Amino acid sequence: MSAIYQRVAFVGLGLIASSMAHAIRRAGLAGEITGTARSAETRQVALEIGLVDAVFDTAAEAVVGADLVVLCVPVGAMAGIAQEIAPYLEPGVTVTDVGSVKQAVIAAVGPHLPEHVHFIPGHPLAGTEHSGPRAGFAELFDNRWCILTPLDGGDAPALERLVSFWQGIGAHVDLMDPPHHDLVLAVTSHTPHLIAYTMVGVADDLRRVTDSEVIKYSAAGFRDFTRIAASDPTMWRDVFLTNKEATLEVLGRFTEELFALQRAIRTGDGVLLHDYFSRTRAIRRGIIEAGQDTAAPDFGRAKR
Ligand SMILES: NC(=O)c1ccc[n+]([C@@H]2O[C@H](COP(=O)([O-])OP(=O)(O)OC[C@H]3O[C@@H](n4cnc5c(N)ncnc54)[C@H](O)[C@@H]3O)[C@@H](O)[C@H]2O)c1
Ligand SMILES: O=C(O)C(=O)C[C@]1(C(=O)O)C=C[C@@H](O)C=C1
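Residues numbered from 1 in each chain as written. Chains lettered and ligands numbered in written order. Predicted model: local features only at pLDDT ≥ 70, side-chain atom pairs only at ≥ 80, totals over all residues. Heavy atoms only, no water.

A. Up close: the pairing of strand S4 (residues 68-71). Side chains Leu 68 and Val 70 project from S4 onto one buried face, and the interleaved Val 69 and Leu 71 project onto a second face that is buried too. Pairing of S4 with strand S5 (residues 94-97), which is carried by 4 bridges, proceeds in the parallel orientation. When the sheet's bridge partners are listed, Val 70 is paired in S5 with Thr 96. Taking the sense of rotation as the criterion, the β-α-β connection linking S4, helix H4 (residues 78-85) and S5 turns out right-handed. (Buried < 20%, exposed > 50% of the residue type's maximum accessible area, 1.4 Å probe, protein only. Helix = DSSP H or I, 4+ residues; strand = E, 2+ residues; numbered from the N terminus. Pairing = 2+ DSSP bridges. Right-handed = clockwise from strand over helix to strand, strands pointing away.)

Now the structure itself:
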C-alpha cells in the first residue's frame, strides 16, 4: 500500500501510539513518523526500537510539518496538548485522537484548533492492560473496530482519507455521533472495567480474611477480571471522570439488576436465576452465530 500521509506525528507514545506505529510501518501508510512523549526515557525507547523516525521534546515541535497528528494521551491531558500544538499546525492537517471518551475530547480539543485544521475524533476498540512504548504490536487493531465521530460540516475528503488509513492499519471503521459512542462504550467497556476493578478490590479485601486463598485458587473468570483491573490507572480515572453521565446511568441499571439477583439468591428463587442465566447465554450464542465475535486472540496475555 502506498503512503496515505506524508508525515504522521504522535503526541503520546504509549500502547496505542506504538501499536499504530507498528501497523503503519507494516502497511507503509506514512512517509515518516514523528512523535513526542513527556518523559525522556519514553522518547529514547521510541527512537531506539524504531517506532518513530524522529522524536521531539515538545508536542509543538513534533507536529510541525505533519499532515496527520494523532493525540494518544489520556483523555484528561487532551486539552493542554491541543492548546500547545494549535499555533504549530499546518494548514489542511488532520488532527485525530484515540481517546476512549468522545464528547469530552471534542469539548476539550475543538475550541483550541484553528479553522484550517480538520479535526476528526476517533477511538480504536482494541487494547490491552499494558502501557508504554514497548507494549505495542502491529496486530492490535486487526479486525477490530475503530469508531470515528466526525463533527458536523467536516471535510469529506479528509474523513475518507482517515478511514482508509485506519483500514490500512487493519481495522473496520464505523461512524457514530459522539453521545451515542459514549453511551455504547459505557455499556461495553467502561462499566465492565469498573466492575472488574471493584471485584478485584473485594477479593483483595477478602484475602486478608481467607489468608490468600482467593488469589491462589482463582479460576479463569476471576483471572480475566484481574487482567482488566491491571489496566492503566490514569487512563481509567480520566474515562470515568469524563464519561460520568453515561457510566452512572449504566451503573444505576447494573445495580438494580444486581439487587434483583441478590434477592433471588436470598429467597431461593431458582427459576429467576435460571431464566436470567438462560437469557444471557442466548445472547452470547447469538453473537457467535451472527459471526460478530470479532474479539482478537488474547494478545495481552501473550505479551506478558
Ligand atoms: N489502553 C487501551 O486499552 C486503550 C484502547 C483504546 C483507546 N485508548 C485511549 O488511548 C489513549 C492512550 O492510551 P494508551 O493505552 O496508549 O496509554 P499509555 O499509558 O500506554 O500511553 C500514554 C502516553 O501519554 C503520555 N501522557 C500521559 N499523560 C500525559 C500528559 N498529561 N501530558 C502529555 N503526555 C502524557 C504518556 O507519557 C504516554 O506516552 C487514552 O486516551 C486512552 O483512553 C486506550
Ligand atoms: O482488552 C482490553 O484490555 C481492553 O479493555 C480494551 C478496551 C475495551 O474495553 O475493550 C479498553 C478501552 C478502550 O477504550 C478500548 C478497548
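Having seen the model, we can carry on.
B. Representation of the packing of aromatic side chains. Throughout the structure, instances matching the rule amount to 4 aromatic pairs. Considering the side-chain rings of Phe 141 and Trp 166, the 5.4 Å spacing of their centres and the 85° angle between planes classify their relative orientation as edge-to-face. Taken together, the positions of Phe 141 in the loop between strand S7 (122-124) and strand S8 (145-148) and Trp 166 in helix H6 (residues 156-169) put the pair 25 residues apart, joining distant regions of the chain. Using a relative accessible area of 1% as the deciding quantity, one classes Phe 141 as buried. (Phe/Tyr/Trp six-rings, centres within 6.5 Å; stacked < 30°, edge-to-face > 60°.)

C. Here's a closer look at the domain arrangement of the protein chain. Considered domain by domain, the protein chain is made up of domain 1 (5-176) and domain 2 (180-294). Every contact between the two is made by 20 residues of domain 1 and, on the other side, 16 residues of domain 2. Interface of domain 1 and domain 2: buried area, both sides summed, is about 1,400 Å²; carbon and sulfur atoms make up 62% of it. Between Arg 227 and Glu 129 there is a salt bridge, with its nearest N and O atoms 2.7 Å apart. Inspection of the region where domain 1 meets domain 2 yields 6 residue pairs in polar contact (both at pLDDT 80 or more). (Domains from an automatic or database assignment. Contact = heavy atoms within 4.5 Å. Buried area = accessible area lost by both parts, 1.4 Å probe. Salt bridge = Lys/Arg side-chain N within 4 Å of Asp/Glu carboxyl O. Polar contact = N/O pair within 3.5 Å; in protein donor to acceptor, adjacent residues only side chain to side chain.)

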